[in-house]
Amino acid sequence: MRHGVTVDLSTENRTLGSLSGKMIALGTTLAVLGLIGTLALGNLEGAFGGHEVESSAAAHDAGSHGPIHGFVTEWSIWHPYLVSACFFLTMTLGGLFFVLVHHITNAGWSTVVRRLAEGVSRNVVLMALIFIPLVFPDSMEALYKWVHPDPGDEIIAVKSSYLNYNWFLIRLAIYFTIWITFAWSYHRSSVAQDRDGDVQRSSRMSRMSPVGVALFAMSVTFAGYDLLMSLDAHWFSTIFGVYIFAGCVLSFHALLALIVVFLQANGRLTRAVSDEHMQDIGKMMFAFTVFWAYIAFSQYMLYWYANIPEETIWFVRRQSTWMWSFWSWVMVVGHFFVPFLFLVSKHIKRKRATIALGALWVLAMHWADMYYLVMPQISNGTEFPFTMIDITILVGMAGIFIIGLALSLRGHSLIAEKDPRMSESLAFENA
Amino acid sequence: MKRLLEALKPILRPELTGNAESPEVDNTAYSPDSRVDLITGGNDNTTITDKVCSIVEDKPTIGWWGFFLLAFSVLGLLGIFVPFLIFWGVGTWGVNNPVGWGYAIVNFVFWVGIGHAGTLISAILFLFRQKWRTSINRAAEAMTIFAVICAGMFPGIHVGRAWFAYWMFPLPNQMELWPNFRSPLLWDVFAVGTYFTVSLLFWYMGMIPDLATLRDRAKNSVRKIAYGALSLGWTGSNRQWHVYERSYLLLAALATPLVLSVHSVVSFDFAVSQVPGWHTTIFPPYFVAGAIFSGFAMVLTLLVPARQLFGLKDVITLKHLENMNKIIMLTGMLVGYAYSQEFFMAWYGGVKVEKFAFINRAFGQYAWAYWIMVSCNVLAPQIFWFKKMRTNIWVMFVVSIFVNIGMWFERFVITVTSLANDYTSSAWDYYTPKLADVMIMLGAFGLFFTLFALFCRFLPFIAMSEVRGVLADQAHSREAALARHSSEADSASGSQGEN
């Protein structure tokens, strides 16, 4: 502890100010580029037409003599859309988790960056908007086989009381209601404290946080099942919710590191957030890199070892062609070993340039992970479905995400001004 | 009646030491703008040292002897029934044809689980900078070591031919006979072995400064030599402290993955198989959560009476207990989460035998065990939502016992229900333990409590050197608060003056 050392915040630039305009301009540029790129490339790929014909032809095939799959084998524009939407959704939810855990543990160190996490978590409203195009019958049909299962598909029939269009919509609405309620109420309460300095707000938020974490756990788990696991409606894994959760927390900490580096490069929060805080954010990235690997390994190893066809098929599809095998190895090496080794050192975690590099890498890997979850069922894994649309949609959504972040962070301080733990957080030092 | 109570008072309240009864101070009041005092009762370095050392230095009282002798006699059951088992073979157990894994594996998993709290407290809570761990880590780590010893005993005796137990180790031999490296049972040998070694090292290393304190206070030569040898020439120099703290951090970082790995490997014993109810991917994190859950419950079961007996209520305060209760509540709900996901997936997966396995657990012939498990593990800790309950000594003691029972039954439910009713219904059978099963299980508790009683008697019960650090922080923050208060008072009076 740096006893007695106080950080003078009176001269610190603690608002987004003109930076919000820059962020919105950048976001708009990216969003427009992404949109134009997607439209142009999408037309080339025939993503906007002909889909109906193909899918009905495929359904006809499957109905007559083809194998019964629990998944859609046709590429559609909604596949890359879902990859990037889940990429940003998980990150946003990681922010909500960070805020809730801060309060549940009465944490000290993280107070200076909590407002940024609250800002990110508020983007969940934006994510709800991004998910709207996905829930139309056409796009759902293009993604999920269970919307119109093959006749004679007994496995989907068993779970049709869970996997059906209406119930799916209701569940999605429930998840987003939970997330939006918690993200907004915690942000509002925190900003209100900036004005009135009422410490009771902190106790109230602390008291509610266990309820929030419990609801968060259940909603993220089932959202993971619904949005990603049910892409192959035959496949199941009890650890899948934990896998998604690991990705949420890991990717959020990477995003948080990037936001801090970006703000500090633009003269914001240069003293409030110190090397010490960066080191802790880096430690969390390190910890969740390992945690993700632990969960991913558990899932893979147990299915590989028992070697039951209905379970291994999910992995077989991801390693029977050389490109998907390569992608699987990217998960092992790039998602685990590289950041694991990179983030061990304290100096790496404290230097802005290196932590930003690590964070970018982790985010890229998280996107690759979402890609790995969604795409391999296309053509049953026999072809590698990568197109430039994957990238243009990512760029476009990143633009929208940045605009949302700018709107979410502006209009109030970038730190929780009158949080009673602020002085403890400012003085924080890794002993 | 009154006179009887008077006469029994020294036995009912068998203060082990000359420590005066310390009053129960409620230091759990949550305040968002300050941190509570972790050590109450106006203790300073001297009083802490005196309190902790007197447990070892004073003559043991009737209470300690009573506890020790009781535990030691229960341990005697092992002395009778283990030779009995080795002589007659596993036929003395209730295991039958489908249920080849009975009490032995249940007890093994139970004890390994208990052995998780110590390392979690000393390694993971250390990395999370949870200062409250300092009052409880020593006892919890000791408990970990003893629990792993109890656990390690079971594979040794349940191999059937105990004299070949050393075959579990990959020893070079003329018969070219090697253990099956693809079997998770062998991975257990390595996982538990590593865990035991590292926990022991961690525990011992953390104890060195305190052993040196005992050495320096020793009044007879036996103690001087014993504690002198154990403290490895510790002088408390700056340089030694520097090296000590570096290595403590390193060991903590190395021990952290072990907290996860050991019970994950134990869960592989079940989950790599194709047995319905065992083969499910959430098993590794679910077992780890359960292990921490049961470990913390056992720490509470031991510490609630111990702090009373040793007059340590101002060192292991209500705040410490409340924090442990919160962890019990959290991990209890994680376990509940796993139960619910298993159940959901058994239905969602559409695999008939899997669905049957879970319905059979809840409503079949072992439903009684299943509902004991659910009520003890999921429902009982819910009472900790209420602060009054999680700061009530009696409530937490009772809940901790419930959790111990519930976690034993969890392993029973997993092991026995899945084996008793698997794919081939013609081979189903009901498992009933025999006398030897029950006696060996009880004997393991005897071993555990005997070792714990000896630990209380001969080793420093509290990490004195670490508690001194907490005291220093506490004094410092109090000074800072005073300074802040007086400067606020100054500015307030100044503004009044202007008016």
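Residues numbered from 1 in each chain as written. Chains lettered and ligands numbered in written order. Predicted model: local features only at pLDDT ≥ 70, side-chain atom pairs only at ≥ 80, totals over all residues. Heavy atoms only, no water.

S.K.: Whenever I open this one, the overall build of chain A confuses me. Can you help?
M.R.: A tally of helices and strands in chain A yields 17 helices and 0 strands. Rg of the C-alpha trace for chain A: 22 Å, near the compact-globule value of 22 Å for 431 residues, within the 12% margin. Counting only C-alpha atoms, chain A reaches 75 × 45 × 40 Å along its principal axes. A total of 431 residues make up chain A; the buried ones form 60% of that total. For chain A, restricting intrachain contacts to residue pairs at least 6 apart in sequence, the fraction spanning at least 24 positions comes to 84%. On chain A, roughly 16,400 Å² of surface is accessible, and the fraction owed to carbon and sulfur atoms is 69%. Put simply, chain A has 27 plus and 30 minus side-chain charges, and the middle of one group is 16 Å from the middle of the other. (Helix = DSSP H or I, 4+ residues; strand = E, 2+ residues; numbered from the N terminus. Rg over C-alpha atoms; globule rule 2.2 N^0.38 Å. Buried < 20%, exposed > 50% of the residue type's maximum accessible area, 1.4 Å probe, protein only. Contact = heavy atoms within 4.5 Å. Areas by Shrake-Rupley, 256 points an atom, 1.4 Å probe, with all protein chains shown as cover. Lys, Arg positive; Asp, Glu negative; His and termini not counted. Charge placed at Lys NZ, Arg CZ, Asp CG, Glu CD.)

S.K.: Is there a simple way to explain a nonpolar patch on the surface in this structure?
M.R.: Residues Ile86(B), Trp163(B), Phe164(B), Tyr166(B), Trp167(B), Phe169(B), Leu171(B), Met175(B) and Leu177(B) make up a contiguous nonpolar surface patch of roughly 900 Å² in combined accessible area. Considering the arrangement of structural elements, one finds Phe164(B) in the loop between helix 6 (137-158) and helix 7 (184-217). (Patch = residues over 30% accessible without salt bridge, like charges linked within 9 Å, V, L, I, M, F, W, Y side chains within 5 Å. Salt bridge = Lys/Arg side-chain N within 4 Å of Asp/Glu carboxyl O.)

S.K.: Even after reading the chapter, I still don't get the environment of Leu177(B), so can you show me in this structure?
M.R.: Topologically, Leu177(B) is positioned in the loop between helix 6 and helix 7. Not counting residues up to four positions away in its chain, the partners in contact with Leu177(B) are Trp167(B) and Leu171(B).

S.K.: Teacher, can you tell me more about the packing of helix 10 (residues 283-309) of chain B against helix 15 (residues 393-420) of chain B here?
M.R.: Between two packed helices, what matters for the description is the angle formed by their axes and the separation of those axes. Residues and elements named next belong to chain B. Viewed as axis vectors pointing N to C, helix 10 and helix 15 meet at an angle of 145°, and their least axial separation amounts to 9 Å. Where helix 10 crosses over helix 15, the handedness of that crossing is left-handed. Of the residues in the contact of helix 10 with helix 15, the class split is 17 nonpolar, 5 polar and 3 charged. (Axes fitted to C-alpha atoms, helices over the stretch in contact; angles between N-to-C directions. Left-handed = near helix turned anticlockwise from the far one by under 90°. Nonpolar A, V, L, I, M, F, W, Y, C, P; charged D, E, K, R; others polar.)

S.K.: Help me understand the packing of aromatic side chains in this model?
M.R.: One pair of aromatic rings is described through two measures. These are the centre distance and the angle between the planes. With the rule as written, the count across this model stands at 103 aromatic pairs over all chains. Between the aromatic rings of Tyr305(A) and Trp187(B), the centroid separation amounts to 6.1 Å while the plane-to-plane angle is 85°, which identifies the pairing as edge-to-face. Residue Tyr305(A) is found in helix 11 (residues 275-306), and its partner Trp187(B) is found in helix 7; the two belong to separate chains. According to the relative accessible area criterion, Tyr305(A) is partly exposed, its value standing at 27%. Trp187(B) sits in the partly exposed class, given a relative accessible area of 23%. Seen from their ring centres, Phe343(B) and Tyr370(B) are 6.4 Å apart, and the 65° between their planes marks the pair as edge-to-face. Of this pair, Phe343(B) sits in helix 11 (residues 318-348) while Tyr370(B) sits in helix 13 (residues 367-379), placing them 27 residues apart in sequence. (Phe/Tyr/Trp six-rings, centres within 6.5 Å; stacked < 30°, edge-to-face > 60°.)

S.K.: Help me understand the layout of surface pockets, please; the structure alone is not making it clear to me.
M.R.: Gaps left between atoms are located by rolling a probe of water-molecule size over the structure's atoms. Residues and elements named next belong to chain B. Quantified by volume, the second largest pocket comes out at close to 900 Å³. Taken together, 37 residues make up the lining of the second largest pocket; nearest its centre are Pro 155, Val 159, Ala 165, Met 168 and Val 189. The set of elements that each furnish at least two residues to the lining of the second largest pocket consists of helix 4 (103-114), helix 6 and helix 7. In terms of residues, the lining of the second largest pocket owes the most to one element, helix 7, which gives 8 residues. A breakdown of the residues in the lining of the second largest pocket according to their chemical character gives 26 nonpolar, 8 polar and 3 charged. (1 Å grid on protein atoms, 1.4 Å probe; cavity = no way out; pocket = protein on both sides within 12 Å on 5 of 7 lines; lining within 4 Å. Points joined across faces, edges and corners; volume = space filled by probe spheres on them.)

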